[in-house]
Amino acid sequence: MLRFFLCLLCVSPCLLTQETGRCQGKDCVLKTWHKVSCKTDDDCNQPHAACFKQQCLCDRGYFYTTNDTCTSTCSTDELQDTFTEYPNTALRGNHLASFDGVSLKYCKDSCLADKRCLTFDFRARGGRCRLHNVTALESSSYESPKRSKGWTHYQRSCEVGEPNTWQDQSCTTDDDCNQPHAVCYEDQCRCDPGFFFTTPYDICSGTCSTDELQDTFTEYPNTALRGDLYSNGVSLEDCKDRCLADKRCLTFDFRAYGGRCRLHNVTARESPSGWSPKGSKGWTHYQRSCKSTFASHDNWYNLLCHSKMDCHDPNSDCLSGRCTCHSGFKFNKTEKKCRAPMSCLHWRGTGAKSGVYTIQLPYNKGHLRVGCIMNNGGWLIFQRRFDRDADFDRNWTEYEQGLVNPLLVTTLTMFGWACPRFTH
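A. Expanded view of the sheet that holds strand β9 (residues 128-132). The strand order across the open sheet built from five strands is β5-β11-β8-β9-β7, with neighbouring strands paired in antiparallel fashion. Looking at the sheet topology across the chains shown, the edges are occupied by β5 (79-87) and β7 (97-99). With strand direction ignored, the average angle separating the axes of adjacent strands in the sheet is 20°. The pairing of β7 with β9 spans three bridges and is classified as antiparallel. Note that in β9 the partner of F99 across the bridge is C129. Its contacts with the sheet put helix α2 (residues 104-113) on β5, β7, β8 (119-123), β9 and β11 (151-158), and the angle it makes with β8 is roughly 165°.

Structure below.
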């Protein structure tokens, strides 16, 4: 019997346990928090996790992943057939489909059969089923947490790649790396020079905030950024420590011959004219790594994103894998919103030339597209008449709405009237 047991251990290095539902051993990751008993959110000790009905679960709207983490987004191909349950909770409204007199299994199968379905609600009484193409995070105004007695909210799980599945792996072509913004550099998969290798998701991001910079680096042999400022006679560790000591330092170059060290506050992507790919023999380019999280409904600016849908501001977009404000808009830290300049004068301060721009109206009344003349100050165009073709014999409503749509103004030699209703 003992020999049989030892043989079984050799054949099956990963044994399932009832407590974790996952395998043990060097090839397995032990579940440490999901569905563990709790009293407060702090007991869960996991980003975007909450204590729900005395169990640690991903916060409503976040997908529980196969890496035992919580993420705000999940692609269609990554959706799993398993669900996280939230008793006495539901989303109002029928976003995809609604059924009555059905079983829980029928409701679940209907969701799995529709690739758009991310969540569903079910109530045993009456067999009521509602499918949704949104999560509680995306439709927070319609969520009824703990107030939908008898209903249970179900959110699908998500499969994500295991950590470090591609970085530094052997390759022949860029396609072998199978990662956006990754390249095959000297037979190893790395982020394209200028992109930050970002944990814990092992992706390549175009930007990284100062607080997210890590102490590790990605190396690019026989490559460097051109520059005149450097130190001589230092070691690689000294050069690295100098970069880490300066919050502005994003990359550095080092050459062992002569101990030459150059620090940079830009990346190869930001300074392409100074980039010497594979043409700086003896030099090695080092770019700092990054640690970041995916954008959520409450915290999204400059965080990771897959698409514009991850960035929860109408004036934001997903650029280079990060949520950022549209051109001309700035992020207001207090309001956590993208705000436009409040006048033509503010636009002039950004270096803008005469043209049509969006301004933020006072008292949070929204935005307005207006014509601005930047000569001798930043002036907003109320009325400008070029010839006598325009008829100014109009009623008050027409003047209030504006006689010209600023979006159609191609030059400032035309007449215009900037809606007095918004500007007085």
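B. Region of the structure containing the sheet that holds strand β26 (residues 355-360). If you walk across this open sheet you meet the three strands as β26-β27-β28, and the pairing is antiparallel. Here the strands that pair on one side only, and so sit at the sheet edges, are β26 and β28 (379-380). Pairing analysis gives six bridges linking β26 to strand β27 (residues 367-373), with the strands arranged antiparallel. Residue pairing for β27: Q360 is matched across the bridge by H367.

C. Layout of α2. Looking only at α2, the buried set comprises C107, S110 and C111. Axial view of α2: buried residues confined to an arc of 100°, hence all on one face. Exposed residues lying more than 90 degrees from the buried face of α2 are K105 and A113. Contact partners of the buried residues in α2: β5, β7, β8, β9 and β11.

D. Highlighting the packing of aromatic side chains. One pass over the structure, following the stated rule, counts 15 aromatic pairs. Summarising the aromatic geometry, the rings of W33 and Y64 are spaced 5.9 Å apart at their centres and angled 75° between planes, so their arrangement reads as edge-to-face. Here Y64 lies in strand β3 (residues 63-64) and W33 lies in the loop between α1 (2-11) and β1 (49-52), a separation of 31 residues in the sequence. The same class applies to W33 as to Y64, namely buried.

Conventions and cut-offs
- Residues numbered from 1 in each chain as written.
- Predicted model: local features only at pLDDT ≥ 70, side-chain atom pairs only at ≥ 80, totals over all residues.
- Heavy atoms only, no water.
- Pairing = 2+ DSSP bridges.
- Helix = DSSP H or I, 4+ residues; strand = E, 2+ residues; numbered from the N terminus.
- Axes fitted to C-alpha atoms, helices over the stretch in contact; angles between N-to-C directions.
- Contact = heavy atoms within 4.5 Å.
- Buried < 20%, exposed > 50% of the residue type's maximum accessible area, 1.4 Å probe, protein only.
- Arc of directions from axis to C-beta.
- Phe/Tyr/Trp six-rings, centres within 6.5 Å; stacked < 30°, edge-to-face > 60°.

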